[in-house]
Amino acid sequence: MASNKKYWKSVEELDSSSSIVETLKQNEFVEPIPTDDFLGDKETLEASSTTRRDFLKYVGFSTAAASLASCEGPVIKSIPYVIAPDEIVPGVANYYATTMADGFDFANVLVKTREGRPIKIERNDLAKSGGSVNARVHASVLSMYDKNRVQNPMIGGKDVTWDEFDAAVAQKMNEMNGKEVVLLTQTFASPSTSKLIKEFTAKYTNVRHVIYDAVSSSEALDAFQNKYGTRALPDYDFSKAEVLVSVGADFIGDWQGGGYEAGYAKGRIPKNGKMSKHYQFEANMSLAGANADVRVPVTPTQQLQVLKALTGGSASGLPENVAAAVAKAKSHLQKAGGNGVIITNLPDVQAQSMVLDYNAGGQVMDTAKPRMTAMGNTQEVTKVMNGVVSGSVKGLITVGVDPVYSFPNAAFAEAYKNLEMSMAFSMKPDATASAAQLVAATPHYLESWGDVQLKKGSFSIMQPTIRPLFNTRQFQQCLIRWTGNGDKKYYDYLKEFMEASVLGTSSWNQAVHDGIVESTAEVTTDADTTNSNNLELESSTSNGALSNATQSGGMELTLYTKTGLGNGNQASNPWLQELPDPITRTSWDNYVTVSAVDAAAMGLENFNVANGGLNGSYVNVKMNGVTVENVPVLIQPGQAKGSIGLALGYGQTVGLQEEMQTGVNAYQLYTNFSAVQTDVTLEKVSGVHEFACVQLHNTMMGRDIIKETTLEIFNTKDVHEWNPVPEVSKDHEEISVRSEDADLWTSFDRSIGHHFNLSIDLNACTGCGACVVACHAENNVPVVGKAEMRKSRDMHWLRIDRYYSSEGSFEADLEKKESISGLGSSLSEYGEMEHPSANPQVAFQPVMCQHCNHAPCETVCPVAATSHGRQGQNHMAYNRCVGTRYCANNCPYKVRRFNWFLYAENDEFDYHMNNDLGRMVLNPDVVVRSRGVMEKCSMCIQMTQKTILDAKRDGRKVKEGEFKTACSAACETGAIAFGDINVEDSEIHELKENKRMYHLLEAVGTKPNVFYHTKVRNTNEA
């Protein structure tokens, strides 16, 4: 039978007496317009230069107020090339293969440039193990155009020339002779950089290299090194996993570098009656947990017991429901044999070793070609931190890291200022660079050369896609200069190194062109530069932090990274700040997540105000004498009782403009660089926090939006039972809504030429948000800021709705209501139904303009600004639009956005569109919209038209897979597919014929060109 669950976006929606939800359902625009202030002011009207469009605004409609925000766009004169570069053809994009490697995110990418400007990041499909091109990677192009970057080398806070800087460094290094100096760097995963560091430490023997990963994987690295002799991380191919059990590992998020979602999604699409089975044991509600078939909330200390029970130990001591889930997971794993896998994120070498032992010899884990993208050692970094505080370390050179911000010891910041030598290689004036004596301005990766070994045997090339914007120099170039190689360029050094040790018979030019090269060459790694043989490794028994954790009434804290901000490297990036968190749907913030039970016990609350904005309590988080004050609280359905969560990467206050200084610094609680902390207490304090939470915006709650079924029903029942087509009444008979007889008007013949459709598979969509940022980049979507987001004025053309559902169905809810008898029963049982579920099921649904063939927006526009194209797209003529917003009110999908303000060149919105440097990222193929108009997804018409014109120029047909949109190109999992439905042997045509296909709100009769695939959950027992 078809699923008929009750879906909800917010706890507020479970309150049947809430007037706010009902108001939001009925009112698309919750903030009133100051009509009288404007239209009542004669001088304001007379002062306006009246055009035809203005005349329509003021006179033509009774709803003139809706148009009054419109204004003439600014005129900007273009400056032509004096001598045009040969490789640049105006209006034609160039693509360059390169690699991002910032110490946290590693990915092979293609960079789209226009007239010499990088404007967009895309995936390099040639790379078989190219990391994850996630939301942060897509947004990284904007970080290059940050107006707050360090633009020159500095000594004592003053700009100097590089010659002066080199001389100062040489003098300082001589002064430091015989004193301990630490070179503290990110993980580069760059063989040529490792070689240069060895040459540098050979010349300056008092310098030792220590690798610092801000978010540590040290215990997993230690376990792998103990077992396999190499400091690296195992790789996993989850497409081969029949059963996947994760204990605290958000492998769809940032676990061990991320990049696993594509393989995972392959196993989640039901094929031949089969799909993988996914168990998740975790404390915080994560992306992995949200996508799991079975999710069990457990605290971190219980997770260690779960892991022991899964790998052969006993489940005694675990709660009954957890022990039952463990037994089922073990049964499934035994049945899967070598196609079963267990993973964990517990910061415990014993736990990591148990996982390695269990997975050894299986089909999923790859230890022969491990990942080389994390190399840090917690004990070595702790020694550096303590050495600076105690004074034994006299000099510190930092590269790509910000220890003043991210080290948990508060005394480090003051001690850093007292060092005899402090030098920071940094792109931003961050907390460390701002306090350093010497600051070397480094370029963005899109301005740099380099090599990266993401995985053993897989080498990537980093090449510049634009000349350096500022007077910067790469760290590697500095090492070449300081080790006596004179004026030799790093490019020449890199080319010689690659040709001598990696390329073999391959061509250097071909490697640069492709961006990757496979080789069996043995090269120097980061770990080889740190005297890794002498490192103190944790053994499988020495680290019993979790095993011996004593509970004295405190909470257990799990520190995590959000898919938006990650470890905080790109905190100055407004695209990432405004990206709603996939689980909480909150942007511009981090917060403590608590369970409803714990929140009630402590008197903590969340509530919605009249315009839908979410408010919450504040707490002080206390642990080991450290207090983080005024942290907002968000009550999270699915949070394990007795546990809390807090995101790293926020709370930066140095080197960022004021708008980006959001959240609190959770690194203060990152004691021993461990993601799990015990004995944490929360203290409620006064005040109310205002969240920029979009979970109630544009809500379609209560309508048939998510279709889902179980694998058993999918395999055994007729499609009409679990995916019924809605019916409507005609002449007192029920007919399919897809029937021509159900249409109110005659359809056009769309079988000639192209007709575009977009497919979205709910089984493959993990909610990661990469498509949202890619859409921002391609379509010049403005950033509006926290205050406007809170007023439901976000401008995202594409949103990813997150829906919770209780385990029961509508029938179960109705039965419970009808069984209530008496006042006492009604108070208790209605109360239960209003409480957020302790462990809800989750579904993600990307929603954009549905490009309806029978579009309700088109029929109500009084100036024909929105109309339908022959190729299936719903068009918007911005110059015709006068902002009546009739179309938004008539859209059942709530996908249209109104420009309340002019977001470009407006000091009120001090983001990238407000400065000349930031505007360099804008796509010239897409107009920057002025205020007072409606905008929405265009199905990237500029991309489809270019594809058609390219094929026409070449005298050929468009190839299969050549049509793309920004979101479909960005989707790692393949959840979003785009193509021409008129090509019968195309992928999109097959997807539309799939029995899981359905249209959103199909009963309305809009006939969308976007369709979805029913979500299938694997509820089968072993």
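Residues numbered from 1 in each chain as written. Predicted model: local features only at pLDDT ≥ 70, side-chain atom pairs only at ≥ 80, totals over all residues. Heavy atoms only, no water.

Another point: the overall build of the protein. Counting its secondary structure elements, the protein contains 33 helices and 43 strands. Residue burial in the protein is summarised as follows: out of 1022 residues, 61% are buried. By element, 49% of the accessible surface of the protein is carried by carbon and sulfur atoms, the whole surface being about 39,500 Å². (Helix = DSSP H or I, 4+ residues; strand = E, 2+ residues; numbered from the N terminus. Buried < 20%, exposed > 50% of the residue type's maximum accessible area, 1.4 Å probe, protein only. Areas by Shrake-Rupley, 256 points an atom, 1.4 Å probe, with all protein chains shown as cover.)

Taken together, three strands build an open sheet; the order of strands is β2-β3-β4 and the sheet is antiparallel. Every other strand in the sheet has two partners, leaving β2 (94–101) and β4 (117–123) as the edge strands with one partner each. Ignoring strand direction, the axes of neighbouring strands in this sheet form an average angle of 35°. Two strands pair when backbone bridges link them, and strand β3 (residues 106–114) and β4 are joined in this way by six bridges, in the antiparallel orientation. Note on β4: the bridge partner recorded for Arg114 is Arg117. (Pairing = 2+ DSSP bridges. Axes fitted to C-alpha atoms, helices over the stretch in contact; angles between N-to-C directions.)

Membership of the largest hydrophobic core comes to 156 residues, with the highest contact counts inside it found for Tyr236, Phe238, Phe251 and Phe281. If sequence neighbours within four positions are ignored, Tyr236 has contacts with Trp255, Gln256, Tyr260, Val341, Ile343, Val355, Asn359, Val364 and Met365. Among the nonpolar cores identified, the runner-up in size contains 52 residues, and Ala599, Val664, Tyr667 and Leu669 belong to it. (Core = buried A, V, L, I, M, F, W, Y, C linked by side-chain atoms within 4.5 Å. Contact = heavy atoms within 4.5 Å.)

In an α-helix there are 3.6 residues to a turn, and that puts residues three or four apart on one side. Here helix α12 (residues 320–336) contains 17 residues, and its C-alpha end-to-end distance of 25 Å stays within 8% of the 24 Å for a straight helix at 1.5 Å per residue. Those residues of α12 that sit buried are Val322, Ala325, Val326, Ala329, His332, Leu333 and Ala336. All buried residues of α12 project into a common sector of 125° when viewed along the axis, lining one side. Among the exposed residues of α12, those pointing more than 90 degrees away from its buried face are Glu320, Gln334 and Lys335. Buried positions along α12 lie against β10 (243–247), β11 (277–282), β12 (294–297), α11 (300–310), β13 (340–344) and α13 (349–359). At the C-terminal side of α12, Gly337 shows a positive phi close to 60°. (Expected span 1.5 Å × (residues − 1). Arc of directions from axis to C-beta.)

Quick look at the sheet that holds strand β41 (residues 997–998) now. Taken together, four strands build an open sheet; the order of strands is β40-β33-β42-β41 and the sheet is mixed. Sheet topology places β40 (976–980) and β41 at the edges, where each strand pairs with a single neighbour. Here strand β33 (residues 756–761) pairs with strand β42 (residues 1010–1013) via four bridges, running parallel. Within β42, the position partnered with Asp761 by the bridge is His1013.

It is worth spelling out the packing of aromatic side chains at this point. Evaluation of the coordinates by the stated rule reveals 35 aromatic pairs. On the basis of an interplanar angle of 35° and a centroid distance of 6.0 Å, the ring pair of Tyr998 and Tyr1012 is categorised as tilted. Of this pair, Tyr998 sits in strand β41 while Tyr1012 sits in strand β42; the two residues are 14 residues apart in sequence, bridging distant segments of the chain. The class for Tyr1012 is buried, based on a relative accessible area of 0%. Every member of this aromatic cluster is reached through a ring pair, and the members are Tyr212, Tyr405, Phe407, Phe412, Tyr416, Tyr667, Tyr670 and Phe673. Just above the ring of Phe714 sits the side chain of Lys995; from NZ or CZ to the centre is 4.6 Å. (Phe/Tyr/Trp six-rings, centres within 6.5 Å; stacked < 30°, edge-to-face > 60°. Lys NZ or Arg CZ within 6 Å of the ring centre and 35° of its normal.)

Here we come to a negative patch on the surface. Taken together, the side chains of Glu960, Glu984, Asp985, Glu987, Glu990 and Glu993 make up a negatively charged region of the molecular surface. Relative to the helices and strands, Glu984 is located in the loop between β40 and α33 (987–993). Overall, Glu984 belongs to the exposed group, its relative accessible area being 64%. (Patch = residues over 30% accessible without salt bridge, like charges linked within 9 Å, V, L, I, M, F, W, Y side chains within 5 Å. Salt bridge = Lys/Arg side-chain N within 4 Å of Asp/Glu carboxyl O. Lys, Arg positive; Asp, Glu negative; His and termini not counted. Charge placed at Lys NZ, Arg CZ, Asp CG, Glu CD.)

What follows is about the packing of helix α7 (residues 191–203) against helix α19 (residues 490–501). Axis separation between α7 and α19 bottoms out at 10 Å; the angle between their running directions is 110°. Our classification of the angle between α7 and α19 gives roughly perpendicular. When α7 is examined against α19, the residues Pro191, Ser192, Thr193, Lys195, Leu196 and Glu199 are found in contact with a partner set consisting of Tyr490, Tyr493, Leu494 and Phe497. (Parallel < 35°, antiparallel > 145°, perpendicular 65-115°, else oblique.)

Moving on, we get to the pattern of salt bridges. Counted under the stated rule, the structure contains 45 salt bridges. The salt bridge involving Glu972 is made with Arg123; its shortest N-O contact spans 4.0 Å. In this pair, Glu972 is assigned in the loop between α32 (966–970) and β40 and Arg123 in strand β4, connecting sequence segments 849 residues apart. A relative accessible area of 15% means that Glu972 is categorised as buried. Where salt bridges share partners, they join Lys946, Asp950, Arg953, Asp954, Arg956 and Glu962 into one cluster.

A few words now on the state of the cysteines. In a disulfide, the sulfur atoms of two cysteines are held together by a covalent bond. Going through the model one piece at a time under the given rule, you end up with zero disulfides. Free of any disulfide, Cys771 has its nearest cysteine sulfur in Cys768, 6.1 Å distant. Here Cys771 falls in the buried class, since its relative accessible area comes to 7%. In this structure Cys971 is not part of a disulfide, and its nearest cysteine sulfur, from Cys768, lies 6.6 Å away. The class for Cys971 is buried, based on a relative accessible area of 13%. (Disulfide = S-S within 2.5 Å.)

Let us now look at helix α14 (residues 378–390). Compared with an ideal rise of 1.5 Å per residue, which puts 13 residues at 18 Å, α14 spans 18 Å between its outermost C-alpha atoms and is within 8% of the ideal. For α14, the set of buried residues is Thr378, Glu380, Val381, Thr382, Val384, Met385, Gly387 and Val388. For α14, the elements touching its buried residues are β7 (181–185), β8 (207–211), α8 (218–228), β15 (395–399) and α16 (411–417). Positioned one or two residues after α14, Gly391 has a phi angle of 100°, which is positive.

Right, let's talk about unusual backbone geometry for a bit. With phi around 55°, Ala189 is a residue other than glycine that occupies positive phi space. In this fold, Ala189 is placed in the loop between β7 and α7. When its relative accessible area of 5% is taken as the criterion, Ala189 is described as buried. In the Ramachandran plot, Asn630 falls in the positive-phi region, its phi being about 50° despite a non-glycine side chain. Residue Asn630 is classed as partly exposed on the basis of its relative accessible area, which comes to 41%.

Here His278 shows up in strand β11. A relative accessible area of 0% places His278 in the buried class. Counting along the chain gives 33 residues from His278 to Val245, while the straight-line C-alpha distance between them is 6.0 Å. Once residues within four sequence positions are removed from consideration, His278 is found in contact with Leu244, Phe251, Tyr264, Arg268, Ala288, Asn291, Ala292, Asp293 and Val294. A polar contact is formed between the side chain of His278 and the side chain of Tyr264, at a distance of 2.8 Å. (Polar contact = N/O pair within 3.5 Å; in protein donor to acceptor, adjacent residues only side chain to side chain.)

Let us now look at the pairing of β4. Most of β4 is tucked away, with six of its seven residues classed as buried. The loop that links β3 with its antiparallel partner β4 comprises two residues; one of these, Glu115, has a positive phi angle of about 50°.

Below, the discussion takes up the confidence of the model for the protein. Residues of the protein with pLDDT of at least 70 account for 85%, and the chain-wide mean is 83. Predicted confidence is poor over residues 697–701, with pLDDT under 50, and the contacts of this stretch with residues over four places away or in other chains come to 27 contacts. Scored below 50 in pLDDT, residues 830–835 shows 13 contacts in the model against residues more than four places distant or in partner chains. (pLDDT = per-residue confidence, 0-100.)

On to the environment of His875, then. As for its position among the elements, His875 is in strand β37 (residues 874–876). Note: C-alpha distance between His875 and Ser938 (63 residues apart in sequence) is 6.6 Å. With near-sequence residues (within four places) excluded, His875 lies in contact with Ala865, Thr866, Ser867, His868, Gly869, Lys936 and Ile941.

Moving on: the packing of α11 against α13. Direction vectors running N to C along α11 and α13 enclose 25°, while the axes themselves pass 10 Å from each other. Judged by the inter-axis angle, α11 sits roughly parallel to α13. In this structure, α11 crosses over α13, and the sense of that crossing is left-handed. Residues Leu304, Leu307, Lys308 and Leu310 of α11 form the contact with α13, whose own contacting residues are Gln350, Ala351, Met354, Val355 and Tyr358. (Left-handed = near helix turned anticlockwise from the far one by under 90°.)

Right, let's get into the side chain of Arg929. As for its position among the elements, Arg929 is in the loop between β38 (897–898) and β39 (934–935). On the basis of relative accessible area, Arg929 is assigned to the buried category, the value being 6%. Within the structure, the side chain of Arg929 is placed 3.1 Å from the backbone oxygen of Asn780, a separation counted as a polar contact. Not counting residues within four places of it along the chain, the set of residues in contact with Arg929 comprises Asn779, Asn780, Val781, Pro782, Trp797, Tyr878, Asn899, Leu902 and Glu935.

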